[in-house]
Amino acid sequence: DVKVTQSSRYLVKRTGEKVFLECVQDMDHENMFWYRQDPGLGLRLIYFSYDVKMKEKGDIPEGYSVSREKKERFSLILESASTNQTSMYLCASSHGAANTEAFFGQGTRLTVV
Amino acid sequence: GDSVTQMEGPVTLSEEAFLTINCTYTATGYPSLFWYVQYPGEGLQLLLKATKADDKGSNKGFEATYRKETTSFHLEKGSVQVSDSAVYFCALSDRGNYGGSQGNLIFGKGTKLSVKP
């Protein structure tokens with residue numbers, strides 16, 4: 001069974017903390033994604049990686065960075081957490097070819113207090 | 001740029017009712033189209049997909065047909081169950097907008113479906 005695993009289901013962090021969200025996939029996928037999900041706004045792409053050490057900004061990269069040192073792992077970093085980053089974060093992966101679906105992790109609900 | 005528009009929710013139906021969730025898209029070229037489902041407290045799962053015009057995707061009694069002439073991919077089910085209560089997302093594949101690679105997905109805002117017994 002294909003699997004995308006996010007390191008935490010729930011996180012509570014303080015304003016100003018540096019936060020790491022980890023995602024691992026076991027399908028040898030080239031592409032990995034971080035989305036943010038908010039009510040009424042759907043899914044918004046934060047960052048995208050199509051290869052090791054490669055990254056591209058999505059629609060809302062401000063306040064975030066990413067790291068992809070190994071093909072199977074894609075980390076999202078909140079350099080200095082703020083309350084407006086309280087949200088559900090979803091990681092996904094897919095093959096590099098066109099027309100392929102993405103597989104999602106279970107999500108991390110982050111609360112910044 | 002590419003975009004997806006789906007009907008606003010929430011949608012509330014009685015068990016065994018007919019379901020339609022409308023989805024239209026704007027895209028250059030020929031994207032693939034997807035429906036994803038998110039059950040409470042979980043991530044998204046692929047429900048069905050279609051990769052070219054007139055293709056019909058189907059799964060678990062749900063169907064959607066890729067209509068290029070109307071740029072639509074409406075989701076339908078003939079008889080919904082309580083267990084179908086979830087949020088449904090329409091999506092299209094982005095072709096090379098990011099980093100020269102393909103496979104990024106653009107999502108609609110989601111439609112919450114509640115089915116009452």
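The structure presented is a predicted model; accordingly, all values stated were derived computationally and were not measured.

Calculation rules
- Residues numbered from 1 in each chain as written.
- Chains lettered and ligands numbered in written order.
- Predicted model: local features only at pLDDT ≥ 70, side-chain atom pairs only at ≥ 80, totals over all residues.
- Heavy atoms only, no water.
- Helix = DSSP H or I, 4+ residues; strand = E, 2+ residues; numbered from the N terminus.
- Rg over C-alpha atoms; globule rule 2.2 N^0.38 Å.
- Buried < 20%, exposed > 50% of the residue type's maximum accessible area, 1.4 Å probe, protein only.
- Areas by Shrake-Rupley, 256 points an atom, 1.4 Å probe, with all protein chains shown as cover.
- Lys, Arg positive; Asp, Glu negative; His and termini not counted.
- Charge placed at Lys NZ, Arg CZ, Asp CG, Glu CD.
- Disulfide = S-S within 2.5 Å.
- Pairing = 2+ DSSP bridges.
- Polar contact = N/O pair within 3.5 Å; in protein donor to acceptor, adjacent residues only side chain to side chain.

Let's talk about the overall build of chain B
Point 1. Counting its secondary structure elements, chain B contains zero helices and 12 strands.
Point 2. Ordered by position from N to C terminus, the α and β elements of chain B give β-β-β-β-β-β-β-β-β-β-β-β.
Point 3. Here the C-alpha atoms of chain B give a radius of gyration of 14 Å, agreeing with the 13 Å that 2.2 N^0.38 yields for 117 residues.
Point 4. The C-alpha extent of chain B, read off along each of the three principal axes, is 50 × 30 × 20 Å.
Point 5. In chain B, buried positions account for 47% of the 117 residues.
Point 6. Counting every atom, chain B has about 5,400 Å² of accessible surface; 47% of that belongs to carbon and sulfur.
Point 7. Seen as two clouds, the 11 positive and the 12 negative side-chain charges of chain B have centres 3 Å apart.

Focus on the state of the cysteines
Point 1. A full pass over the atoms with the stated rule returns two disulfides over all chains.
Point 2. Here Cys23(A) is linked by a disulfide to Cys91(A), with a sulfur-sulfur distance of 1.9 Å. Taking the sign of the S-S torsion, -80° for the link of Cys23(A) and Cys91(A), the bridge is left-handed. Here Cys23(A) is found in strand β3 (residues 19–25), whereas its partner Cys91(A) is found in strand β9 (residues 87–94), with 68 residues between them in sequence. This pair shows no difference in class: Cys23(A) is buried, exactly as Cys91(A) is.
Point 3. Between the sulfur of Cys23(B) and that of Cys90(B) lies a disulfide, 1.9 Å long from S to S.

Brief notes about the pairing of strand β1 (residues 3–6) of chain B
Residues in a regular strand project their side chains so that they alternate between the two faces of the sheet.
Residues and elements named next belong to chain B.
Point 1. Only one face of β1 is covered, namely the face carrying Val 4 and Gln 6; the face carrying Ser 3 and Thr 5 is uncovered.
Point 2. Where β1 and strand β4 (residues 23–26) come together, four bridges link them in antiparallel fashion. Within the sheet, the bridge partner assigned to Thr 5 lies in β4 and is Thr 24.

Side note on the side chain of Gln6(B)
All names here are of chain B.
Point 1. Summarising the element assignment, Gln 6 is placed in strand β1.
Point 2. Engagement of the side chain of Gln 6 in a polar contact is seen with the backbone nitrogen of Cys 90, the distance being 3.0 Å.
Point 3. Here the side chain of Gln 6 touches Gly 110 through a polar contact of 3.2 Å, landing on its backbone nitrogen.

These results come straight from atomic positions and should not be treated as a statement about function.
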